[in-house]
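An overview of the molecular structure
Spelled out, the chains give:
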Amino acid sequence: MPSNDFVKKIIRKDRKTFFNDYKLSQSKKTSLYDDNSDDYNKKSLKPLISDFTEYNPLHNGHFHCLKVAKKHVPDGIFVAVVPGLFERSGRGLPYILHRRSRAEIAVDVGADIVVEGPPMGIMGSGQYSLCLCKMFQALNTDYIPRGYKPFDGIDDILNRISLGHGISPKPYKIIDMDTNEVIMHDKLEEDNYVIVSFSKSLKKIGFDFKNKFIFVKRIGGVSGTLIRQSVEENNFDKVQNMMPKETISVLQREVKLGHAPLHNLRDWETILDNANNLSFDDLSSLNLFNEKLASKLIETREKNPFETLEQLENSLLYGFSSNYKHRVLSMLETKINKDMIYNYIEKYPYTIRILDYKNEDVLDQFKNKITNRRIELWQ
């Protein structure tokens, strides 16, 4: 089992990287989308497939999507966008493996390049969706594979997105942004919600995604609960048919090294210290926080200081979703303020950080495809 010091080291290193990226992005007046280089040369390069996926860990569903996309674009460069700094998911939960290991698995099963995605766990869903779409644009993406879950009405939604329409998910209402039609009176499941959220954010930044999505029907036979249990027990007998052998091999190695599983671990000392000692101004300035939440934490800790994460979670305002509560813990863990996140998103992605790649030839082709961006290899 990884130690608390191991988790602290990850957070400390990623804070240093985040602040360095932020400083560089704010030091120059660089427009994200002012590139006027030779469009003909960019179009003459191999098409680029950008797939956002957390690979937590990479299972047969992810592998299926990768294979379908590569079959659809056999001469393409497959780029996996894998979050990200602080190792926290869009739900605010710790990932099971460090992103370097998740990237290694992706290349082992067929990805050409893996780049670091945004720090999703310290952002709201709209913020990280916007960052991901800005990454697609920065990569000069030609195709975007996305898995979906079938239901009555999904074909209409996917067809509209293929036509380049933005689809906006509202509470119990789905709207075509181009025609202003209400096309559905209901909520979408997570995979389908991500697709329409991407179309909305891509429309917002002016990225033409007409005919760029590759929609892949989601396959069954994968249980995240069983996979997490297998990693905790270091016994993969029950999940051998749910993941590629490459995933299992890396998981076994990382467990043996004491680098996994990470999904139940946090820097609890820092979280509790910040919850108990940050001032009202410091708390209310954190991303995703507001004055009401800051006041509630201070009111609670004055009666009884927080001693456990469970106590802290239970003290949060009634009505908050579990995802929001996990993001609050991630914010107390990383201590990034909302103004900094806003400025970070505005210039995102200033740096395209490569976590892993297939070979030098693919790396050179990828670099030739990307313009007006700072590219670096993860260290």
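Residues numbered from 1 in each chain as written. Predicted model: local features only at pLDDT ≥ 70, side-chain atom pairs only at ≥ 80, totals over all residues. Heavy atoms only, no water.

A few words now on the overall build of the protein chain. From N to C terminus, the protein chain includes 16 helices and ten strands. Scaling as 2.2 N^0.38, a compact globule of 379 residues should have a C-alpha radius of gyration of about 21 Å, and the protein chain matches this with 21 Å. A burial count over the protein chain gives 53% of its 379 residues as buried. At a minimum sequence separation of 6, the contacts of the protein chain that also span at least 24 residues come to 76%. In the structure as shown, the protein chain presents an accessible area of about 17,900 Å², 46% of it carried by carbon and sulfur atoms. Within the protein chain, one finds 55 positive and 51 negative side-chain charges whose respective centroids are separated by 1 Å. (Helix = DSSP H or I, 4+ residues; strand = E, 2+ residues; numbered from the N terminus. Rg over C-alpha atoms; globule rule 2.2 N^0.38 Å. Buried < 20%, exposed > 50% of the residue type's maximum accessible area, 1.4 Å probe, protein only. Contact = heavy atoms within 4.5 Å. Areas by Shrake-Rupley, 256 points an atom, 1.4 Å probe, with all protein chains shown as cover. Lys, Arg positive; Asp, Glu negative; His and termini not counted. Charge placed at Lys NZ, Arg CZ, Asp CG, Glu CD.)

The next point concerns helix α7 (residues 190-204). Every α-helix carries 3.6 residues per turn, so stepping three or four residues along brings you back to the same face. Taking 1.5 Å of rise per residue, 15 residues should cover 21 Å, and α7 covers 21 Å from first to last C-alpha, within 8% of that figure. Every buried residue belonging to α7 is among N192, I195, V196, S197, F198, S199, S201 and L202, and all of these are buried. Buried residues belonging to α7 abut β1 (48-52), α5 (125-138), β4 (144-148), α6 (154-162), β5 (167-170) and β8 (213-217). (Expected span 1.5 Å × (residues − 1).)

Before going further, it helps to spend a moment on the pairing of strand β2 (residues 77-82). With six of six residues buried, β2 is to be regarded as a mostly interior element. Residues I77, V79 and V81 line one face of β2 and the alternating positions F78, A80 and V82 line the opposite face, and both faces are buried. Relative to β2, β1 is paired through five bridges, and the arrangement is parallel. Pairing of L48 across the sheet is with I77, part of β2. (Pairing = 2+ DSSP bridges.)

Scanning the model with the defined rule gives eight aromatic pairs in all. On the basis of an interplanar angle of 85 degrees and a centroid distance of 6.0 Å, the ring pair of F209 and F213 is categorised as edge-to-face. Taking the relative accessible area as the measure of exposure, F209 reaches 1% and is therefore buried. Counting every residue linked through ring pairs, the aromatic cluster contains F18, F19, F86, Y344 and Y348. Across from the ring centre of W378, 5.0 Å away, lies the NZ or CZ of K13, which sits over that ring. Sitting over the ring of F63, K67 keeps its end group 4.3 Å from the ring centre. (Phe/Tyr/Trp six-rings, centres within 6.5 Å; stacked < 30°, edge-to-face > 60°. Lys NZ or Arg CZ within 6 Å of the ring centre and 35° of its normal.)

Pairing within the open sheet is mixed, and its five strands lie in the order β1-β2-β3-β9-β10. Of all the strands in the sheet, just β1 and β10 (374-377) have a single pairing partner and so form its edges. Averaged over neighbouring strand pairs, the angle between their axes works out to 30 degrees when direction is ignored. (Axes fitted to C-alpha atoms, helices over the stretch in contact; angles between N-to-C directions.)

All right, on to the packing of helix α1 (residues 4-27) against helix α15 (residues 338-347) then. As a packed pair, α1 and α15 sit with axes 10 Å apart at the nearest point and diverge in direction by 65 degrees. α15 is crossed by α1, and the crossing has left-handed handedness. Counted together, F18, F19, Y22, S25 and Q26 of α1 and M340, I341, N343, Y344 and K347 of α15 form the full contact between these two elements. Tallied by class, the residues present in the contact of α1 with α15 amount to six nonpolar, three polar and one charged. (Left-handed = near helix turned anticlockwise from the far one by under 90°. Nonpolar A, V, L, I, M, F, W, Y, C, P; charged D, E, K, R; others polar.)

A word on unusual backbone geometry. In this structure, the amide linkage connecting P83 to the following residue, G84, adopts the cis form with an omega of -25 degrees. One can find G84 in the loop between β2 and α4 (99-109). Residue P261 is reached from A260 by a cis peptide bond, and omega for that bond is 0 degrees. Within the secondary structure, P261 is located in the loop between α9 (245-257) and α10 (268-277).

A word on the environment of D356. Within the fold, D356 resides in strand β9 (residues 351-357). A C-alpha to C-alpha distance of 6.3 Å links D356 and E104, two positions 252 residues apart in sequence. Those residues in contact with D356 that sit more than four places away from it in its chain are A103, E104, V107, I113 and V114.

Moving on to the sheet that holds strand β7 (residues 182-184). Across the sheet, which stays open at both edges, the three strands sit in the order β5-β6-β7 with antiparallel pairing between neighbours. Because the sheet does not close on itself, it has two edges, and the strands there are β5 and β7. Direction aside, neighbouring strands of the sheet carry axes that sit 35 degrees apart on average. Examined bridge by bridge, β5 and strand β6 (residues 173-176) share four bridges and lie antiparallel to one another. Residue pairing for β6: S168 is matched across the bridge by I175. Running at roughly 135 degrees to β7, α6 makes contact with β5, β6 and β7 of the sheet.

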